[in-house]
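# Architecture and fold: a report
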Amino acid sequence: MISTEKITDKFSQLDEYLGILDGMRTTPFDIFAKDKILIGGAKYYLQVSIECCLDIANHIIAAEGFRAPKDYADCFKVLEEHNIVNEDLGMKLRHMAKFRNRLVHPYSEIDDRYVYAFIREDFHDILNFKKAIAAKFLA
């Protein structure tokens, strides 16, 4: 059974993290690129934001008895298979999960321009995930 409390608790955490990232989004790149603390903060809050989305996805998958995902990115494919997120959003979320893996396991250096672009351009994907989940399970 889906726990609306668990989802709303994760949404509360997500809102806090997204609020911090939103403040970073307005920083000009030349300032962002020179501030290692800001870059580190952006990476951290992106990681924990993505992990909140993964936690929500995994809760839904387990509660609904959907197939077990193969990896973090596949969590969003499972939601897509059950029409919880659409194909376009599912693809973006899978990309986001792979980015989270790069943040957690630094196989190679992550270009700060990519982090900056993510918080400026892909921020809305997390909001769209939240809207899709709310529409299906909190309406």
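Refer to the structure presented above.
First things first, this report covers the structure right here in the doc. (Residues numbered from 1 in each chain as written. Predicted model: local features only at pLDDT ≥ 70, side-chain atom pairs only at ≥ 80, totals over all residues. Heavy atoms only, no water.)

### Side note on the overall build of the protein chain
Heads up, the condition is: The way it works is that DSSP assigns letters per residue, a run of H or I at least four long becomes a helix, a run of E at least two long becomes a strand, and they are numbered from the N terminus. For every residue, the accessible area (1.4 Å probe, protein chains only) is compared with the maximum for its type, and the residue is labelled buried under 20%, exposed over 50%, or partly exposed between those bounds. Should any heavy atoms of two residues lie within 4.5 Å, those residues are considered in contact. In this description, accessible areas are obtained by the Shrake-Rupley approach with a 1.4 Å probe, and a residue is regarded as covered only by the protein chains that are shown. A residue counts as positive if it is Lys or Arg and as negative if it is Asp or Glu; His and the chain ends are not included. The atoms used to mark charge sites are NZ of Lys, CZ of Arg, CG of Asp and CD of Glu.
Along its length, the protein chain carries 6 helices and 0 strands. Going from the N terminus to the C terminus, the protein chain shows its helices and strands as α-α-α-α-α-α. For the protein chain, the C-alpha atoms occupy an extent of roughly 45 × 30 × 20 Å along the three principal directions. Within the protein chain, the proportion of its 139 residues that are buried is 44%. Contacts spanning at least 24 positions in sequence make up 66% of the contacts within the protein chain whose residues lie at least 6 apart. About 7500 Å² of surface is accessible on the protein chain, with carbon and sulfur atoms providing 52% of the total. If the 19 positive side-chain charges of the protein chain are averaged to one point and the 22 negative ones to another, these points end up 3 Å apart.

### As for helix H6 (residues 112–137)
The condition that has to hold: The span you would expect from a helix comes to 1.5 Å times its residue count less one. Throughout, the bend at a residue refers to the angle made by two axes, fitted to the seven residues ending there and to the seven starting there.
Taking 1.5 Å of rise per residue, 26 residues should cover 38 Å, and H6 covers 36 Å from first to last C-alpha, within 8% of that figure. Residue Asp122 marks the point of greatest curvature in H6, where the axis turns by about 55°.

### As for the state of the cysteines
The condition is simple: Disulfide: a pair of cysteine sulfur atoms within 2.5 Å of each other.
For the coordinates displayed, the defined rule picks out 0 disulfides. Cysteine Cys52 is unpaired, with the sulfur of Cys53 as its nearest cysteine sulfur at 6.9 Å. Since its relative accessible area comes to 0%, Cys53 is described here as buried.

### Description of helix H5 (residues 87–104)
Taking 1.5 Å per residue, 18 residues should reach 26 Å; H5 reaches 26 Å between its end C-alpha atoms and fits that length. Every buried residue of H5 is accounted for by Leu89, Gly90, Leu93, Arg94, Met96, Ala97, Phe99, Arg100 and Leu103.

### Overview of the nonpolar core
Put simply, the test is: Among buried residues, the Ala, Val, Leu, Ile, Met, Phe, Trp, Tyr and Cys ones that are joined through side-chain atoms within 4.5 Å form a nonpolar core.
In terms of nonpolar packing, the biggest core is built from 47 residues, with Ile60, Phe76, Leu79, Phe129 and Ile133 touching the most fellow members. Elements with a contribution of two residues or more to this core: helix H1 (4–25), helix H3 (36–64), helix H4 (72–81), H5 and H6. Take this core: its biggest share by element is 13 residues, from H3. If we skip the residues at most four places from it in the chain, Phe129 touches Cys53, Ile56, Ala57, Phe76, Leu79, Val85, Leu89 and Leu93.

### Looking at the environment of Ile20
Structurally, Ile20 can be placed in helix H1. For Ile20, a relative accessible area of 30% gives the class partly exposed. On a C-alpha basis, the gap between Ile20 and Ala33 in space is 17 Å, while along the polypeptide they are 13 residues apart.

### Thoughts on unusual backbone geometry
Located in the positive-phi region is Asn83, a residue other than glycine, with phi close to 60°. Assignment of secondary structure puts Asn83 in the loop between H4 and H5. Judged by its relative accessible area of 57%, Asn83 is exposed.

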